[in-house]
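# A closer look at the structure
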Amino acid sequence: MGKNNIEKWLLLLTQVEVFLHNTCRLCTLNQTQIKKFESQSGLILPQEYKNFCQVFGSGEFGFNLFFIKIPDCEDVQGRLASDKMILVDYCKDNYSLSNEAIELLDNTYLFGVRHNFISFLFDLRSYSEQDQSCDIHAIEYNSGFTICFGRDFFTFIRDYCIGEKAKEISGLIVEIPPVNDPDDPLYEPRSRSKCFIPYNLYENNY
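Note that the structure is predicted; figures quoted are calculated from it, not measured. (Residues numbered from 1 in each chain as written. Predicted model: local features only at pLDDT ≥ 70, side-chain atom pairs only at ≥ 80, totals over all residues. Heavy atoms only, no water.)

### Considering the pattern of salt bridges
Using the criterion set out here, one finds eleven salt bridges in the structure. Between R151 and D131 there is a salt bridge whose closest N-O contact spans 2.7 Å. One end of the pair, R151, is in the loop between β7 (146-148) and α6 (153-162); the other, D131, is in the loop between β5 (118-128) and β6 (133-140), with 20 residues separating them in the sequence. Here D135 and R151 are joined by a salt bridge, their closest N and O atoms 2.9 Å apart. One end of the pair, D135, is in strand β6; the other, R151, is in the loop between β7 and α6, and 16 residues separate them in sequence. A relative accessible area of 25% means that R151 is categorised as partly exposed. (Salt bridge = Lys/Arg side-chain N within 4 Å of Asp/Glu carboxyl O. Helix = DSSP H or I, 4+ residues; strand = E, 2+ residues; numbered from the N terminus. Buried < 20%, exposed > 50% of the residue type's maximum accessible area, 1.4 Å probe, protein only.)

Put into C-alpha cells, the structure is as follows:
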C-alpha cells in the first residue's frame, strides 16, 4: 500500500509546475526522519501526510496560496511549542470561536497556513488505525470560521491546494493584500493554480 500511495503522489507532482526559487531542490523528508519525529513527539501522523512529506515536502501552492509544512525533525519539541503559541496567540483570544473549536486547538497538529489568516490542522483525537488518518480542519483567525475537509489528505491537496474546490467555500478564500508585485520573480508563478514553490524551512533537516 505504501508504494502505491507514494506513486500517486509522484504522479500528482508531475501535474504541477515546480519553481525552485528559494532552494535548489524539493525540501522533502525520508522515512527515517519522519519516524524520528514521531518517536520524539509521541505523535502518529496521517500516512498520506507522511507520503506528501517524502514527495512534495514543504512549500506553497500558488494561486490559492496554501502553504504546507513538513515536521521539524531536529527541534521537535521546540517547533511543537512554537506552533502551539501560534494557535494560542492568533486563535484562542478570538471570542467568536466555539467551545468545539477551542477543544480542537488543544488537540491538533498544525500542518499548514494561508498567509497567517487561516491555519490547517489535523485533529489528533480522530486518528484511526483503519485508515491511518485524521480529520482535516481549517480555522480562520479573524472570524472564527471553521471547516472540516474530511480525512483524505491526498484529496485535500489535489482538490483544494492545487485544484479549484477552495473557491466553492465561502470564508476559506478570504481577501488578502498582494504578497508580491509584478517585479517579484514569484509574481507569475503565484498567479497560476497548478504550481508549487518549495521552501527550506529547517536548514538542518537536509
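Let's pick the thread back up.
### So, the packing of helix α3 (residues 47-55) against α6
Any two packed helices are characterised by how steeply their axes cross, that is the angle between the axes, and by the distance between the axes. Two numbers describe how α3 lies on α6: the axes approach to 7 Å, and their chain directions differ by 55°. The orientation of α3 relative to α6 falls into the category oblique. Together, E48, Y49 and F52 of α3 and F153, F154 and I157 of α6 make up the contact between the two elements. Classifying every residue of the contact of α3 with α6 by side-chain character gives five nonpolar, no polar and one charged. (Axes fitted to C-alpha atoms, helices over the stretch in contact; angles between N-to-C directions. Parallel < 35°, antiparallel > 145°, perpendicular 65-115°, else oblique. Contact = heavy atoms within 4.5 Å. Nonpolar A, V, L, I, M, F, W, Y, C, P; charged D, E, K, R; others polar.)

### Topic: the environment of E74
Its location among the elements puts E74 in the loop between β3 (66-68) and α4 (76-92). Exposure remark for E74: the relative accessible area of 44% places this residue in the partly exposed category. Separated by 38 residues in the primary sequence, E74 and K36 have C-alpha atoms spaced 9.0 Å apart. Within the structure, the side chain of E74 is placed 3.4 Å from the side chain of K36, a separation counted as a polar contact. (Polar contact = N/O pair within 3.5 Å; in protein donor to acceptor, adjacent residues only side chain to side chain.)

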